[in-house]
Amino acid sequence: MSEVLVQTEEQITERIHGFLARSFAGRTLSEEDDIFALGFGNSLFAMQLVSFLEQEFHFQIESDDLEMDNFRTLRAMVQLVKKKIGA
Amino acid sequence: MRWPEDYNEFHRQWIDFTEKHIVPYAQQVDHEERIPAEVIQALRQQGAFASGFPADKGGPAGDPEDLAIRHGLMHEALGAGSASIQGLVNVHHMGGIIIARWGSAAQKDYWVPRLTSGECLAGLAITEPNVGSDAAAVELQAMAVQGGYTLEGTKTWITCGQSADVFLVLARMENGPAIFIVPSNTEGLTRIPIHGMLGCRGYMLATLRFERCFLPAEALVGRSPFGLTHFAATGLDQGRLNLAWACVGMARTCLEACLHYAQTRHQFNAALAEFQLVQRMICRMTTDIEAARLLCWRASSTRGRNSPAAVKASTIAKYFASQAINRIAADAVQIHGAVGCSAQSPMQRILRDAKIMEVIEGSTQVLETAIARYTYNEAAV
Ligand SMILES: Cc1cc2nc3c(=O)[nH]c(=O)nc-3n(C[C@H](O)[C@H](O)[C@H](O)COP(=O)(O)OP(=O)(O)OC[C@H]3O[C@@H](n4cnc5c(N)ncnc54)[C@H](O)[C@@H]3O)c2cc1C
């Protein structure tokens, strides 16, 4: 569990970006890159992403949150996190 | 990371349970290809069907990491007794956890207490005649109709297909895969038993035929296209780790039997245990078991902490443990000679069961591809 309480949009972006970079072979993703179009929509990655977001930002992703548009880009994920943690 | 010694007492309780309620039935289950009601009742009373489920719906309460490790040790003990009986508990958990994790409030409220109490047993139906490892190619159709959906198609090789009360069924909708909760008494669902498998003969496999099978709208879990990537994947991911632990248990049974036999059987005026070539087999078993147990331990620990590393750790644990049990069971039959080949020998049963472990919940080759992909990704950082 992360010790620091993440609040700002930059911090959230940085953390998700770091996770995506680790998962995507060090590739630099822009905030608008479509990760599904890049071929990262497989179930092994999807499960890791869910665990990462939940563990890092201390909230639970419910099935209502599962919409392609919430996970398509880095920016979309940041918005989802902000909504869920009320940042 | 917590170490096994802290859990000796808990593990001992499950080993005692297994010795009393499972081992006496293991050969019978294999021969008759069904699990007797009294075994299921004993599992129910012992809380096997509640393990791995959330505490507010009847699962055990406590620290999540601790619970994940206990859950693994339970599967280890069950696997040591009978891979078939472990399979029943495993698929119940794999199917049920999809509802517990992703179901609507109403779905959770209705199903999870029934599942944790063992009143209803679950199964997970993904595979089809044309759809195996490539589950994303699911063909069984779900069509939206007035008031719900109709399912049309066939699932096959479904563990507890003959016996489960409810199935979590992967189907194809217009925009991709979806998961439905299908009670086994739903009109339009027919179960056709499958017999004579190589191993895990007590899995009570069936083919499930869905013909204009109507389901109310509330039967859909979440929404498509997340049926495979998130919902079924949650069950498969848990099942992989349960199975890895079961392989460790099967291996422990082999090693214990071999130690006993090698010390009591004499040839050339010496106990088999004295021969260095037998010692080599014992050494390999011991090493494989230690390694598999540690991989399982690490995977359960990461899973309990909801770490993103858990998926990869479970994949590696299942990949290693399922191959290890094949090496170990083959050597166990070898050490037992003709006795190991006989119909009465648990060793030959475990050898047959072991092969199944390399096919289900991600075949060895499919897991190799997945693990290599993880490694490529991480190595490039
Ligand atoms: C005892 C038993 C119980 C089962 N229980 C269930 C259940 O409860 N629910 C359920 O849905 N299914 C169940 N199954 C089905 C099981 O999940 C499938 O058998 C498994 O997914 C593999 O699919 P397949 O058998 O069609 O093999 P295929 O996918 O056709 O594969 C055949 C061979 O090709 C290899 N292969 C496939 N793809 C690749 C690749 N990309 N690269 C390299 N090699 C590849 C495989 O490793 C395998 O060796 C069960 C099967 C058995 C035997």
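Rules used in this analysis
Residues numbered from 1 in each chain as written. Chains lettered and ligands numbered in written order. Predicted model: local features only at pLDDT ≥ 70, side-chain atom pairs only at ≥ 80, totals over all residues. Heavy atoms only, no water. Helix = DSSP H or I, 4+ residues; strand = E, 2+ residues; numbered from the N terminus. Rg over C-alpha atoms; globule rule 2.2 N^0.38 Å. Buried < 20%, exposed > 50% of the residue type's maximum accessible area, 1.4 Å probe, protein only. Contact = heavy atoms within 4.5 Å. Areas by Shrake-Rupley, 256 points an atom, 1.4 Å probe, with all protein chains shown as cover. Lys, Arg positive; Asp, Glu negative; His and termini not counted. Charge placed at Lys NZ, Arg CZ, Asp CG, Glu CD. Buried area = accessible area lost by both parts, 1.4 Å probe. Salt bridge = Lys/Arg side-chain N within 4 Å of Asp/Glu carboxyl O. Polar contact = N/O pair within 3.5 Å; in protein donor to acceptor, adjacent residues only side chain to side chain. Nonpolar A, V, L, I, M, F, W, Y, C, P; charged D, E, K, R; others polar. Patch = residues over 30% accessible without salt bridge, like charges linked within 9 Å, V, L, I, M, F, W, Y side chains within 5 Å. 1 Å grid on protein atoms, 1.4 Å probe; cavity = no way out; pocket = protein on both sides within 12 Å on 5 of 7 lines; lining within 4 Å. Points joined across faces, edges and corners; volume = space filled by probe spheres on them. Domains from an automatic or database assignment. Near = heavy atom within 4 Å. Sits in = over half its atoms within 2 Å of the grid points.

Break down the overall build of chain B for me, with residues and values.
A tally of helices and strands in chain B yields eleven helices and ten strands. Here the C-alpha radius of gyration of chain B, 21 Å, is about what a compact globule of 381 residues would show, namely 21 Å. Sorting the 381 residues of chain B into buried and exposed places 59% on the buried side. Within chain B, contacts between residues at least 6 apart in sequence are counted, and of these 74% link residues at least 24 apart. Counting only carbon and sulfur atoms, one obtains 54% of the accessible surface of chain B, whose full area is about 15600 Å². The distance from the centre of the 33 positive side-chain charges to the centre of the 36 negative ones in chain B is 2 Å.

Talk me through the overall build of chain A; I want residue IDs and the actual numbers.
A tally of helices and strands in chain A yields four helices and zero strands. The secondary structure elements of chain A, listed N-terminal to C-terminal, are α-α-α-α. Per-residue burial over chain A gives 47% buried out of 87 residues. Look at the contacts in chain A between residues 6 or more apart in sequence, and 62% of them connect residues 24 or more apart. In the form shown here, chain A has an accessible surface area of approximately 4200 Å², with 47% of it arising from carbon and sulfur atoms.

If you had to explain the environment of Phe226 of chain B to someone new, which residues and values would you point to?
Residue placement: Phe226 of chain B occurs in the loop between β8 (220–221) and α7 (227–264). In sequence terms Phe226 of chain B and Gly87 of chain B are 139 residues apart; their C-alpha atoms lie 26 Å from each other. Excluding its chain neighbours within four sequence positions, the residues that come into contact with Phe226 of chain B are Leu66, Glu67 and Met68 of chain A together with Pro177 and Phe231 of chain B.

Residues and numbers for the interface of chain A and chain B, please.
Note on interface size: it is often stated as the accessible area lost on association of the parts. Across the boundary between the two partners, chain A contributes 26 residues, which contact 29 residues of chain B. Of the roughly 2300 Å² buried between chain A and chain B on both sides combined, carbon and sulfur atoms contribute 59%. Sorting the residues of chain A by area buried against chain B places Leu44, Met47 and Leu66 of chain A first, and these three jointly supply 28% of that buried surface. Note that Glu67 of chain A and Arg223 of chain B form a salt bridge whose closest N and O atoms lie 3.9 Å from each other. Applying the counting rule to chain A against chain B returns eight residue pairs in polar contact (both at pLDDT 80 or more). Sort the elements by how many residues they give to the side of chain A that touches chain B and helix α2 (residues 43–57) of chain A lands first, with ten residues. Classifying every residue of the side of chain A that touches chain B by side-chain character gives eleven nonpolar, ten polar and five charged.

Please give an account of a nonpolar patch on the surface that cites residues and values.
Taken together, the side chains of Met143, Val145 and Phe214 of chain B present a nonpolar region at the surface, about 240 Å² in accessible area. Position of Phe214 of chain B among the secondary structure elements: in strand β7 (residues 206–216).

Describe the layout of surface pockets, listing the residues and the values that go with them.
Taken as a whole, the second largest pocket encloses approximately 1200 Å³ of empty space. Together, 44 residues line the second largest pocket, and Gly132, Ser133, Leu236, Glu361 and Gly362 of chain B are the ones closest to its centre. Listing elements by their share of the lining of the second largest pocket, those giving two or more residues are α2 of chain A together with α5 (83–102), β1 (122–125), β3 (148–158), α7 and α11 (364–379) of chain B. At six residues, α7 of chain B tops the list of elements feeding residues into the lining of the second largest pocket. Among the residues making up the lining of the second largest pocket, the classes are represented as 26 nonpolar, twelve polar and six charged. Shared between two domains, the lining of the second largest pocket holds at least three residues of each, these being domain 2 (122–221) and domain 3 (230–380) of chain B.

Tell me about the pattern of salt bridges, and please be specific about residues and values.
Any two side chains of opposite charge can pair if their charged atoms end up close together. Residue and element names in this part refer to chain A. Enumeration according to the criterion identifies 24 salt bridges over all chains in this entry. Here Glu9 ties to Lys82 by a salt bridge, and the two come within 2.7 Å at their closest N and O atoms. With a gap of 73 residues between them, Glu9 in helix α1 (residues 9–23) and Lys82 in helix α4 (residues 74–85) connect regions that are remote in the sequence. Judged by relative accessible area, which is 21%, Lys82 ranks as partly exposed.

If you had to explain the domain arrangement of chain B to someone new, which residues and values would you point to?
Residue and element names in this part refer to chain B. Along its sequence, chain B is carved into domain 1 (5–117), domain 2 (122–221) and domain 3 (230–380). The centre of domain 2, based on its C-alpha atoms, is set 30 Å off from the matching centre of domain 3. Residue-level contacts link ten residues of domain 2 with twelve residues of domain 3. Between domain 2 and domain 3 lies a buried interface of about 910 Å² when both sides are counted; carbon and sulfur atoms form 77% of it. For domain 2, the biggest contributors to the area lost against domain 3 are Leu198, Cys200 and Tyr203; these three give 42% of the whole. Taken together, the connections running from domain 2 to domain 3 amount to zero salt bridges.

An account of the site of the ligand is requested, with residue identities and associated values reported.
All names here are of chain B. Around the ligand sit 17 residues in total, of which Thr127, Ser133, Trp157, Ser363 and Gln365 are the nearest. Within the side chain of Ser363, a nitrogen or oxygen atom sits 2.6 Å from an oxygen atom of the ligand. Taken by itself the ligand offers 970 Å² of open surface, and the protein chains cover 61% of this. The cavity where the ligand resides is the second largest pocket. Broken down by secondary-structure element, the contributors of at least two residues to the shell around the ligand are β1 and β3. In the shell around the ligand, the residues fall into eleven nonpolar, six polar and no charged.

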